[in-house]
Amino acid sequence: MAESIQEIKQKLQAADYEKLPALFHYYEQDTRNGVIQAIESAKKRLASYEKELERIKKLQTYENKYASCSYICGIDEVGRGPLAGPVVAGAVILPKNCDILYINDSKKLSEKKREELYDVIMDKAVAVGIGYSAPERIDEINILQATYEAMREAISKLDPQPDLLLNDAVTIPQVSISQVPIIKGDAKSISIGAASIVAKVTRDRLMQEYDSVFPEYGFASNKGYGTQEHIEALKKYGACPIHRRSFITHFIA
């Protein structure tokens, strides 16, 4: 008995990408519209997958360039611009020839995709370090120096320690490890992209926790950034303990 269209659809949907070409060949003589449409849909899915494989291969250009290094670490930060909350730095050492798909600059990913990738990165990474710089520290030493401090903390938590750092744009002072600053590195290096995702998810979760403590400011949605809602709340209620005093002088006395 011939397979039903639904059975063929299910088989195509469940098949590994490597097995799809053989299935296309097997069913290419089936002239039923439902089968033809299912094959076309699966071909688009395969093409999208192959395109992503190529993109990830390009994202490993810097990692391949410095492949003689045992442990390459990507560094990125999140939260330099908000009016409230810490700046968070992520440091990630991925395994050689890492095959995690869809890693990108965290700002280019949906919240759902970031959360999914965070779990995969935490599971597959050789090492992950997170560094924080609190609002009062940002006020004390300025946001740039606080960011460097968070990055140094993130690096210090790595085990093993890296022998090369790939940084998103900056050169971190007071670090003895070799560094390669890369402009827009979170979209050019898989290691920096992974670090940006880890830092972003970590900080977003923290701001959601702060929202339950200080619900007036909408931290769960604005993550501490200066949205109109946040600024209006700031003017109405004044600053809370996680506001950066040096950032809010335009809004409150």
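Refer to the structure above for everything that follows.
Now for a description of the structure that goes with this document. (Residues numbered from 1 in each chain as written. Predicted model: local features only at pLDDT ≥ 70, side-chain atom pairs only at ≥ 80, totals over all residues. Heavy atoms only, no water.)

**Some words on the packing of aromatic side chains**
Spelled out, the test is: Pairs were defined over the aromatic rings of Phe, Tyr and Trp, the Trp ring being its six-membered one, requiring ring centres within 6.5 Å. Orientation was assigned from the angle between planes: stacked under 30 degrees, edge-to-face over 60, tilted for the rest. Comment: elements are numbered from the N terminus, with helices defined as DSSP H or I runs of at least four residues and strands as E runs of at least two. Burial status follows relative accessibility: with a 1.4 Å probe on protein chains alone, a residue under 20% of its type maximum counts as buried, one over 50% as exposed, and anything between as partly exposed. Working rule: Lys NZ or Arg CZ, within 6 Å of ring centre, within 35 degrees of ring normal, means a charge sits over the ring.
Throughout the structure, instances matching the rule amount to 4 aromatic pairs. With 3.7 Å between their ring centres and 5 degrees between their planes, Y17 and Y49 make a pair best called stacked. Here the residue Y17 occupies a position in the loop between helix 1 (5–14) and helix 2 (20–27), and Y49 occupies one in helix 3 (residues 33–59), the gap between them amounting to 32 residues. The class of Y17 is partly exposed, set by a relative accessible area of 25%. Ring plane angle 15 degrees and centroid distance 5.4 Å describe the contact between Y217 and F219, whose orientation is recorded as stacked. The residues Y217 and F219 share a single accessibility class, namely buried. When the ring centre of Y102 is taken as reference, the NZ or CZ atom of K113 above it lies at 4.6 Å. Between the NZ or CZ atom of R205 and the centre of the ring of Y118, over which it lies, the distance is 4.5 Å.

**A closer look at the side chain of D186**
Put simply, the test is: What makes two residues a contact is simply this: any of their non-hydrogen atoms within 4.5 Å.
Take D186: it is sitting in the loop between strand 5 (179–182) and helix 8 (190–213). Residues in contact with D186, not counting those within four places in the same chain, are D76, N104, D105, K107, D168, I192, G193 and S196.

**Some points on the sheet that holds strand 5**
The criterion, for reference: Think of it this way: DSSP has to see at least two bridges between two strands before they count as a pair. The axes are straight lines fitted to the C-alpha atoms, using for helices just the contacting stretch, and the angles between their N-to-C directions are given from 0 to 180°.
Sheet architecture is open: 5 strands sit in the order 3-2-1-4-5, paired in mixed fashion. Looking along the sheet, the strands with just one partner apiece sit at the ends: strand 3 (127–133) and strand 5. Sheet twist, expressed as the average angle between the axes of neighbouring strands with direction ignored, equals 20 degrees. With 4 bridges connecting them, strand 4 (residues 164–168) and strand 5 associate as parallel partners. Opposite D168, over in strand 5, you have I182 as the bridge partner. Each of strand 1 (72–78), strand 2 (87–93), strand 3, strand 4 and strand 5 is contacted by helix 8, which is oriented at about 40 degrees to strand 1, the strand it contacts most.

**Side note on the nonpolar core**
The following threshold applies: We define a nonpolar core as any set of buried Ala, Val, Leu, Ile, Met, Phe, Trp, Tyr and Cys residues linked to one another through side-chain atoms lying within 4.5 Å.
Formed by 36 residues in total, the largest nonpolar core has its most connected members in L12, L20, V92, L94, I103, I121 and I197. Mapped onto this core, the elements with two or more residues apiece are helix 1, helix 2, helix 3, strand 2, helix 5 (111–124) and helix 8. The element contributing the most residues to this core is helix 3, with 8 residues. Contacts of V92, omitting those with residues within four sequence positions, involve I72, C73, G74, I121, A125, A127, V128, S191, A194, A195 and V198. I75, Y148, C240 and F247 belong to the second-largest nonpolar core, a separate cluster that totals 33 residues.

**Some points on the packing of helix 1 against helix 2**
To be explicit about the condition: Should an angle fall under 35 degrees it is called roughly parallel, over 145 degrees roughly antiparallel, and 65 to 115 degrees roughly perpendicular, with every other angle called oblique. Working rule for handedness: look at the near helix, and if it is turned counterclockwise from the far one by less than a right angle, call the crossing left-handed; if clockwise, right-handed. Three classes are used, and their members are as follows: Ala, Val, Leu, Ile, Met, Phe, Trp, Tyr, Cys and Pro are nonpolar, Asp, Glu, Lys and Arg are charged, and the others, Gly among them, are polar.
Where helix 1 contacts helix 2, the two axes come as close as 10 Å, and the packing angle between them is 160 degrees. The angle between helix 1 and helix 2 falls in the class roughly antiparallel. In the packing of helix 1 onto helix 2, the handedness of the crossing is left-handed. Residue-level inspection shows I8, K11 and L12 of helix 1 in contact with helix 2, the latter providing L20, L23, F24 and Y27. Among the residues making up the contact of helix 1 with helix 2, the classes are represented as 6 nonpolar, no polar and 1 charged.

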